[in-house]
Amino acid sequence: MIAAVAMMVSCTGNANQGSGSAAASGEAKAEGPAYEFKLANGITGTTGSKNCHLVELEGDFTFECVENGDNVDVTAKVTVTHDEDNEMDENPREGAELWISGRDDDNKDVKVTLNADEQSYKALQEFFPKAAGEKVELTFKGTAPKADLEKLNGKNTTNTLVI
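Residues numbered from 1 in each chain as written. Predicted model: local features only at pLDDT ≥ 70, side-chain atom pairs only at ≥ 80, totals over all residues. Heavy atoms only, no water.

A. Inspection of helix H2 (residues 118–127) at higher detail. Within the sequence span of H2, burial applies to Ser120, Tyr121, Leu124 and Phe127. All buried residues of H2 fall inside an arc of 115 degrees around its axis, so they share one side. Projecting away from the buried face of H2 at angles above 90 degrees are the exposed residues Glu118, Gln119 and Glu126. Packing partners of the buried residues in H2 comprise strand S3 (71–81), strand S5 (109–116) and strand S6 (135–145). (Buried < 20%, exposed > 50% of the residue type's maximum accessible area, 1.4 Å probe, protein only. Helix = DSSP H or I, 4+ residues; strand = E, 2+ residues; numbered from the N terminus. Arc of directions from axis to C-beta. Contact = heavy atoms within 4.5 Å.)

B. Spotlight on the pairing of strand S7 (residues 158–162). Within S7, 4 of the 5 residues are buried, leaving the element largely enclosed by the surrounding structure. Direction of pairing for strand S1 (residues 45–47) relative to S7: parallel, over a ladder of 3 bridges. Note that in S7 the partner of Thr47 across the bridge is Val162. (Pairing = 2+ DSSP bridges.)

C. Broad picture of the pairing of S6. For S3 and S6, the ladder comprises 11 bridges, and the chain directions are antiparallel. Within the sheet, the bridge partner assigned to Thr75 lies in S6 and is Lys141.

D. The arrangement of the side chain of Thr160 in detail. One can find Thr160 in strand S7. When neighbours within four sequence positions are excluded, Thr160 is seen to be in contact with Thr44, Gly45, Thr46, Thr47, Glu97, Leu98 and Trp99.

E. Structural detail: the pattern of salt bridges. Summed over the entire model, instances satisfying the criterion amount to 4 salt bridges. Linking Glu67 and Lys146 is a salt bridge whose minimum nitrogen-to-oxygen distance equals 3.0 Å. Here Lys146 lies in helix H3 (residues 146–152) and Glu67 lies in strand S2 (residues 62–68), a separation of 79 residues in the sequence. Among the residues examined, Lys146 registers a relative accessible area of 22% and is labelled partly exposed. (Salt bridge = Lys/Arg side-chain N within 4 Å of Asp/Glu carboxyl O.)

F. Quick look at the nonpolar core. Among the nonpolar cores identified, the biggest contains 32 residues, and Phe37, Phe63, Val80, Ile100 and Phe140 are the most heavily contacted of them. Sorting the residues of this core by element identifies S2, S3, strand S4 (97–103), S5, H2, S6 and H3 as the ones contributing at least two each. Ranked by residue count, the leading element in this core is S3, at 5 residues. (Core = buried A, V, L, I, M, F, W, Y, C linked by side-chain atoms within 4.5 Å.)

G. Structural context of the environment of Leu124. Tracing the backbone through its elements, the reader meets Leu124 in helix H2. Assessed through its relative accessible area of 2%, Leu124 is described here as buried. On a C-alpha basis, the gap between Leu124 and Ala96 in space is 8.6 Å, while along the polypeptide they are 28 residues apart. The contact partners of Leu124, leaving out residues within four places of it in the chain, are Ala96, Leu138 and Ile163.

Here it is as structure tokens:
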């Protein structure tokens, strides 16, 4: 009986993991069922003073999503590579964001904004002065209305890193 209970706990303990990459160990998992979200393209632009020339326009996102009522808790991960146009703003903005933008079937703008977690923001600060070709993995998190994600799911979108 104890073995059966242990098996049930171990099997149900992974039910809340979302699609995409796994969360870093030690992170608390959000409650609710997994929600699948993906994009047909990667980074399409960067902005933020001189830092808009900092990373190559590449890098596919992986998403971990968990439903939270009418909303979805989203974790997006992307590995970025330093561009050859290595301009750097000596006074970078506070925080970093990922903007995922597109249009719904009625041609209305839909935008989801995710914020870099603290560890990624620190890694980004260390990444700024590095040479071309260097890479860093960034994690962005936020909550978005499920209806907005459904309008963007699987589509080509404008994905802007705001650094």
